[in-house]
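Reading the structure
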Amino acid sequence: MSASPLPLVPYGATAVRPDWADLPAELRTAISARLGSRVSWATTAGGGFTSGFTGVLDTTAGDRVFVKAACLADQRHLSDWYAREAAIIAALPPDLPVARPRWTLTAAGYFVICLDAVDGRTPALPWHPADLTATLAAYARVAQALREPPAALVALGLPQLADLLRSDLSWWREIVDGQEPIPPGMPARLRDRLPELAALEGLMPGYALGSGLIHCDLRLDNVLVDRAGSAWICDWNWLCFGPAWFDLAGLLVTVYASGLDADRVFAAHPAARDAPADGLDAALAALAGYWLVRATAEPVADSPHLRAHQRWSGETALAWLAARRGWH
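These remarks concern the structure in this document. (Residues numbered from 1 in each chain as written. Predicted model: local features only at pLDDT ≥ 70, side-chain atom pairs only at ≥ 80, totals over all residues. Heavy atoms only, no water.)

As for the pairing of strand S2 (residues 53-59)
Burial within S2 is extensive, with seven of its seven residues counted as buried. Of the two faces of S2, the one lined by Phe53, Gly55, Leu57 and Thr59 and the one lined by Thr54, Val56 and Asp58 are each fully buried. Relative to S2, strand S1 (residues 39-44) is paired through five bridges, and the arrangement is antiparallel. The partner of Ala42 across the bridge, within S2, is Leu57. Sheet topology places S2 next to strand S3 (residues 64-71); six bridges connect them, and they run antiparallel. Paired with Val56 across the strands is Phe66, a residue of S3. (Buried < 20%, exposed > 50% of the residue type's maximum accessible area, 1.4 Å probe, protein only. Helix = DSSP H or I, 4+ residues; strand = E, 2+ residues; numbered from the N terminus. Pairing = 2+ DSSP bridges.)

Okay, here's the thing in structure tokens:
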């Protein structure tokens, strides 16, 4: 399976969100009151695959913050994610490259989370070497800090990656067993590899056991590079127990798509030092199956680019795996 060189819609322009002016007046008033001064300027974030308000707000007092807001009635899952993220970020070690939380607010039927604003941008594809170096360095700090997580994080009752893999990332086994159709467009040469894909995927739950915590959604669009060239890791609502090299595998799918030596980058990163010899292959198999199957689901009206990006990600992960395994 050959992946498209780059996704048709860049990661910095995937979101369809309300602007600040689209939010209820009562909510805007409540947020301004909590900020202590009127909002004088607002910009809406273009990246991501959710429909809640997400943007940077400037106030007349000269403050700048990053705010997320979701409707409790129509976006309950999203408001729950924001609440979870606020609790996680508050418990993360304070010296990590993560925007710190300021406050949460429930007003006008919305849940709001306010963070320090990072004056940064989403890395572009293909990856620029300096952006990639900064991102890998930031994640090395995160992975090291979460190898032995603080008690405040453990107390949140976070899930195990192994359980998530069994419940939501075991699609090749479903396909082999005839419970799920073969992803459309999958070439015959790779259809013959379905048992191998299922076997590789099946290794991951055993490999995922451990006491360290991982981001579990480490993608290019969850990274910001600031004006000084340092990278920040965003969107922490999926934190779970698992090996840091699984995070690294997911991130490097876009590195492979950029024509860079993703195998060398993986092997050289400190987060991969504990990876089994076939750990990267197992991770790519699990991720590819998940993305390709999810891409066949019904389109999401409030995230119109989600399915295309899932398909592109799945095809790219599978192409990288095929190259590594010599499936020519």
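More follows now that the structure is in view.
With respect to the pairing of strand S5 (residues 110-116)
The buried fraction of S5 is high, at six of seven residues. In this structure, strand S4 (residues 101-107) lies alongside S5, joined through six bridges in antiparallel fashion. Bridged to Ala107 within S5 is Tyr110. The turn joining S4 and S5, which pair antiparallel and follow one another in sequence, is formed by two residues; a positive phi near 55 degrees is taken by Ala108.

A few points about the sheet that holds S1
One open sheet holds the five strands; their spatial order is S1-S2-S3-S5-S4, and the pairing between them is antiparallel. Sheet topology places S1 and S4 at the edges, where each strand pairs with a single neighbour. Put simply, the sheet's adjacent strands are angled 25 degrees from each other on average, direction ignored. Its contacts with the sheet put helix H1 (residues 25-35) on S1, S2, S3, S4 and S5, and the angle it makes with S4 is roughly 145 degrees. (Axes fitted to C-alpha atoms, helices over the stretch in contact; angles between N-to-C directions. Contact = heavy atoms within 4.5 Å.)

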